[in-house]
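Residues per chain are reported as follows:
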Amino acid sequence: MRTPTITPIIRAIIAINVIVFIVQSINPQYDRMIVSLFGLHYFSSEQFNPIQLVTYMFVHSGIGHIFGNMLGLFFLGPILEMFWGEKRFLAFYLGTGIGAGLLYMGLKYYDISALQAASEAYIQNPDFKQFESLIQKFYSEGIPSNVYGLLENTGNVSLKESVFVIEESLKSVLNTPMIGASGAVFGVMAGFAILFPNTELMLFPIPIPIKAKYFVTFYGLYEIYAGLHKMPGDNVAHFAHIGGMIFAFILIKIWGTKRNNFY
């Protein structure tokens, strides 16, 4: 497939992402500040701000993270922008990114509401047996390191300190944001597959062409599987990717029936 010349909205999106990433890379303090302010926090977090549903798409965690997202956007985005025009493509990109964030937070509600309820019950009536079961159920990979760093003696936690551990661990979970353009990029992938289903794509480094409709379907099924069977240490928001794809489908269906009324 011949790659078109990079289009204005794609150029602007990539430029913003790269500039933000460069600022993040200058100083760890800048990185923490940007992630804290612009990453998407859970809605009950003290750091949540509605504007984060947009800004989280322009913040990344590392060179591999931003490179993968911008590469996918560079190859597939210009074709959609030329097909729809700048305004519609921008609306599509932001819409799928916001949709990805909303679905992610909606699904996360079930995990976090259970964690909050169990944590609050423990704080009211603490005992070490409940402490151990709470840790095993909700913190299978261990208590957040930043919490244990606040304790004087991590090898012998008192009952009072155990309450502190649960309070701070809950706060750490609530204040851990989602970042990255992946949800919107998966929306672009899905949009491309819906509009150009038989266009052949090449998945690097495998030199075998595959039609867009099959490529995106297989990728979507993988994301569902990975989201349902999360491996230890997997911090990828797989269902945000699915959210981007779902909202891409919804937007295209709406625009398909009301095409002349859009912009």
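Reference entry: report on the structure contained in this document.

1. Quick notes on the overall build of the protein
Now for step 1: Helix and strand counts for the protein stand at eleven helices and two strands.
Now for step 2: Along the protein, helices (α) and strands (β) appear in the sequence α-α-α-α-α-α-α-α-α-β-β-α-α when read from the amino end.
Now for step 3: A total of 263 residues make up the protein; the buried ones form 41% of that total.
Now for step 4: Sequence separation of 24 or more characterises 72% of the internal contacts of the protein that already satisfy a separation of 6 or more.
Now for step 5: Split by element, the accessible area of the protein, about 14700 Å² in all, is 63% carbon and sulfur.

2. Looking at the nonpolar core
Now for step 1: One finds Leu73, Phe89, Phe92, Tyr93 and Val188 to be the most contacted residues of the largest nonpolar core, which totals 57 residues.
Now for step 2: Where this core is concerned, the elements lending two or more residues are helix H1 (8-26), helix H4 (63-84), helix H5 (86-124), helix H6 (128-138), helix H8 (159-174), helix H9 (182-195), helix H10 (212-228) and helix H11 (238-257).
Now for step 3: The residues touching Phe92, leaving out its near neighbours within four places in the chain, are Leu80, Trp84, Gly187, Val188, Gly191, Ala248, Leu251, Ile252 and Trp255.

3. Considering the pattern of salt bridges
Now for step 1: Applying the stated rule across the entire model yields one salt bridge.
Now for step 2: The shortest N-O distance in the salt bridge between Glu168 and Lys171 comes to 3.6 Å. Of the two residues, Glu168 and Lys171 are both situated in helix H8; the distance of three residues between them amounts to about one turn of the helix.
Now for step 3: Judged by relative accessible area, which is 38%, Lys171 ranks as partly exposed.

4. Things to note about a nonpolar patch on the surface
Now for step 1: Among the surface-exposed residues, Val18, Ile19, Ile22, Val23, Ile26, Tyr30, Met33, Leu37 and Phe38 lie close enough to one another that they form a single nonpolar patch of about 810 Å² accessible area.
Now for step 2: Of all the secondary structure elements, the ones that give two or more residues to the nonpolar patch are H1 and helix H2 (28-38).
Now for step 3: The greatest single-element share of the nonpolar patch, amounting to five residues, is contributed by H1.
Now for step 4: Mapped onto the elements of the fold, Ile26 is located in helix H1.
Now for step 5: Classification of Ile26 as exposed rests on a relative accessible area of 59%.

5. Overview of the packing of H1 against H5
Now for step 1: Contact pair H1 / H5: the axes reach a minimum separation of 9 Å and the direction vectors enclose 40 degrees. Here H1 is positioned oblique relative to H5, judged by the angle of their axes. Within the contact between the two elements, H1 uses Pro8, Ile9, Ile10 and Ile13 and H5 uses Glu86, Phe89, Leu90 and Tyr93.
Now for step 2: For the contact of H1 with H5, the per-class residue count stands at seven nonpolar, no polar and one charged.

Cut-offs and rules
Residues numbered from 1 in each chain as written. Predicted model: local features only at pLDDT ≥ 70, side-chain atom pairs only at ≥ 80, totals over all residues. Heavy atoms only, no water. Helix = DSSP H or I, 4+ residues; strand = E, 2+ residues; numbered from the N terminus. Buried < 20%, exposed > 50% of the residue type's maximum accessible area, 1.4 Å probe, protein only. Contact = heavy atoms within 4.5 Å. Areas by Shrake-Rupley, 256 points an atom, 1.4 Å probe, with all protein chains shown as cover. Core = buried A, V, L, I, M, F, W, Y, C linked by side-chain atoms within 4.5 Å. Salt bridge = Lys/Arg side-chain N within 4 Å of Asp/Glu carboxyl O. Patch = residues over 30% accessible without salt bridge, like charges linked within 9 Å, V, L, I, M, F, W, Y side chains within 5 Å. Axes fitted to C-alpha atoms, helices over the stretch in contact; angles between N-to-C directions. Parallel < 35°, antiparallel > 145°, perpendicular 65-115°, else oblique. Nonpolar A, V, L, I, M, F, W, Y, C, P; charged D, E, K, R; others polar.

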